[in-house]
Amino acid sequence: MKYIAYCRKSTDEKDKQVLSIDQQIAELKEFSNREYLEIIDFVTEAKTAKTPGREQFAELLRRIEKGEAQGIVSWHPDRLARNSIDGGKVIYLLDTGKILDLKFPQFWFESTPQGKFMLNIAFGQSKYYVDNLSENVKRGMRHKLRIGIWPSKAPVGYINDSRTKDIQLDSERARIIKKAFELFSEGRKSFTETSLYLFKFGIRSSSNKPIKSDEVRRILTNKFYIGIMKYGGEYHQGVHKLFISKQLFNEAQKQVIRIERPRRNGHDFAFAGLARCGECNAAITAEQHVKKYKNGSSQIFIYYRCTKKLKPCNQKYIPESEMETQLRKIIDDAALPHQWANDWYKWMDEDEREEQSLAEENISKLKLEIETLDKKLNLLLDSYLDQVIDSETYKIKKNELFEEKLKINEEITKIQTNGSSWLEPMKNFIGSVLSCAKIARAKNTSHDLAIMAKTVGSNFFLTDRQFVPTYNLGFAALCATPSAQRKSHGLFSKTLSVSRQGFEP
Ligand SMILES: [Zn+2]
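Residues numbered from 1 in each chain as written. Predicted model: local features only at pLDDT ≥ 70, side-chain atom pairs only at ≥ 80, totals over all residues.

## Digging into the overall build of the chain
- When helices and strands are tallied, the chain shows 18 helices and 14 strands.
- Within the chain, buried positions represent 23% of all 505 residues.
- Once local pairs closer than 6 in sequence are excluded, the contacts in the chain between residues at least 24 apart make up 63%. (Helix = DSSP H or I, 4+ residues; strand = E, 2+ residues; numbered from the N terminus. Buried ≥ 20, exposed ≤ 12 C-beta atoms within 10 Å, placed from the backbone. Contact = placed C-beta atoms within 7 Å.)

Have a look at this one:
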């Protein structure tokens, strides 16, 4: 398809947002390279578009009608038309198929009723026309959403297919976006660095600059990439092909949260919100003090203290370093030495097998019961057919037996599905216990410490500068047991039985 580029800026246009004609030409050249558009000519005009009567514009339309080109490229629709007559001409050529496509770096256009509607708004046309169209357009958009097709400009990595009117994968850009998701999730790139990475590979703002960080954030958190379309505040299931796995997407979301952790006074207090005061039950808050030295250098000290908001309280400050030491000890107490893990997993397998055979045993018992019930049902039918019992008695008895059978079947399903529901949480638990030791010893991991502390314990209280945790289920069993005994199978079963009752994953 061939395009003619149209650039316009009138001398009375004081708007600084509007690029000069030379700038428009440069931008359109860059844009057409990026979008693989064949431009056969650049037409320029220094006149207002508010009234009809531009020579170059009229000439442009004549050339299109003659078939010299089938598309127009322009900076924005308002470069083409700003009055209803010229705007109407463009729409007319679209409707009659003389113009097949319009491209604007600043505006997304699709040759559908919706697209023409948006174009009209951009041309600044009459409100009457807009009102008439809008209901039809809304209906069209709703229909698209219902069948799972994104009704608007495709997110980067996808393109709007003007032939099929749906969304297709833009394989090259999809690969760049995927790589960006990966680099970001691994914590190797910030929003700004991701933007520069995208810029390097040609994903840029419409003014050919690196895209802003909040736009990067929008891309990295856009559920569209996992098939969920949010439109008008509502979620819809999309049918477009995916190139970002759910797992990768979730990793990216975690990283976004990590980056955006609340920071107060420009400082990030790792242990804020972790504990309450053991004396008065008020919240513990963090404060930073900057100590300035005579030689000009300074050092930051972080303290945690009771807010004393509930009642008078005698508790004193605790330095963050002291808090950290105590937390390391608490976490280390809940740790499981690495070499024991294999034993644990082995015992878990044994327990699982044991449980499985028990379940099988139960199921075969229940199946026997069903057989007995079936026999009874047969007998009942025989008696009815032999006219030993009347039809009323038959019905009542039959329903009774039937219900009993249903109950047993339900029980079988329950055993089959719940068989090892404790296994996953248990495996997670062992994973946590294993990482305890590692985290307790690692340096510079205040945040990991805080997260791990919340995994092993809850309801932390701070009394006389001492942390007192309530260990969570499972971890409590570990801490209460002297190390020498931890290895015994007995403890494992005990922990397991706790886990089965209510260990939360
Ligand atoms: Zn207090």
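## Brief notes about the packing of helix H8 (residues 191–200) against helix H9 (residues 213–220)
- It is at 9 Å that the axes of H8 and H9 come closest, and there the two elements cross at 85 degrees. By the angle class used here, H8 and H9 are roughly perpendicular. Between H8 and H9, the residues in contact are Phe 191, Thr 192, Thr 194 and Ser 195 and Ser 213, Val 216 and Arg 217, respectively.
- When grouped by side-chain class, the residues that make up the contact of H8 with H9 number two nonpolar, four polar and one charged. (Axes fitted to C-alpha atoms, helices over the stretch in contact; angles between N-to-C directions. Parallel < 35°, antiparallel > 145°, perpendicular 65-115°, else oblique. Nonpolar A, V, L, I, M, F, W, Y, C, P; charged D, E, K, R; others polar.)

## What about helix H11 (residues 320–333)?
- For H11, which comprises 14 residues, the first-to-last C-alpha distance of 20 Å matches the rise-based estimate of 20 Å (1.5 Å per residue) to within 8%.
- Turning to H11, its buried residues are Met 323, Leu 327, Ile 330 and Ile 331. Down the axis of H11, the buried set is contained in an arc of 90 degrees. They therefore lie on one face. Residues of H11 that are exposed and point over 90 degrees away from its buried face: Ser 321, Thr 325 and Lys 329. (Expected span 1.5 Å × (residues − 1). Arc of directions from axis to C-beta.)

## Structural notes on the pairing of strand E3 (residues 71–74)
- Direction of pairing for strand E1 (residues 2–8) relative to E3: parallel, over a ladder of four bridges. Paired with Tyr 6 across the bridge in E3 is Ser 74.
- Across three bridges, E3 lies against strand E4 (residues 101–103) in parallel orientation. Residue pairing for E4: Gly 71 is matched across the bridge by Asp 101. (Pairing = 2+ DSSP bridges.)

## Here we look at the sheet that holds strand E10 (residues 284–292)
- Judged by pairing direction, the sheet is antiparallel, and its three strands sit side by side in the order E10-E11-E12 without closing on themselves. In this open sheet, the two strands that pair with only one neighbour each are E10 and strand E12 (318–319).
- The pairing of E10 with strand E11 (residues 298–306) spans nine bridges and is classified as antiparallel. Across the sheet, residue Lys 291 finds its bridge partner in E11, namely Gln 299.

## A short note on helix H15 (residues 446–456)
- Listed in full, the buried residues belonging to H15 are Leu 449, Met 452, Ala 453 and Val 456. Taken around the axis of H15, the buried residues stretch over an arc of 105 degrees, which confines them to a single face.

## What to know about the sheet that holds E1
- Spatially, E2-E1-E3-E4 is the arrangement adopted by the four strands of the open sheet, whose pairing is parallel. The open sheet has two free edges, formed respectively by strand E2 (38–45) and E4, since each of these has just one partner strand. Strand-to-strand, the axes of this sheet are offset by a mean angle of 25 degrees, without reference to chain direction.
- Across the sheet, helix H1 (residues 21–35) lies against E1, E2, E3 and E4, angled at about 155 degrees from E1, the strand it touches most.
- Across the face of the sheet, helix H2 (residues 55–66) comes into contact with E1 and E2 while running at roughly 155 degrees to E2.

## Regarding the environment of Ile 430
- Take Ile 430: it is sitting in helix H14 (residues 423–441).
- For Ile 430, a count of 18 C-beta atoms within 10 Å corresponds to the partly exposed category.
- Between the C-alpha atom of Ile 430 and that of Phe 475, which follows or precedes it by 45 residues, the distance is 9.8 Å.

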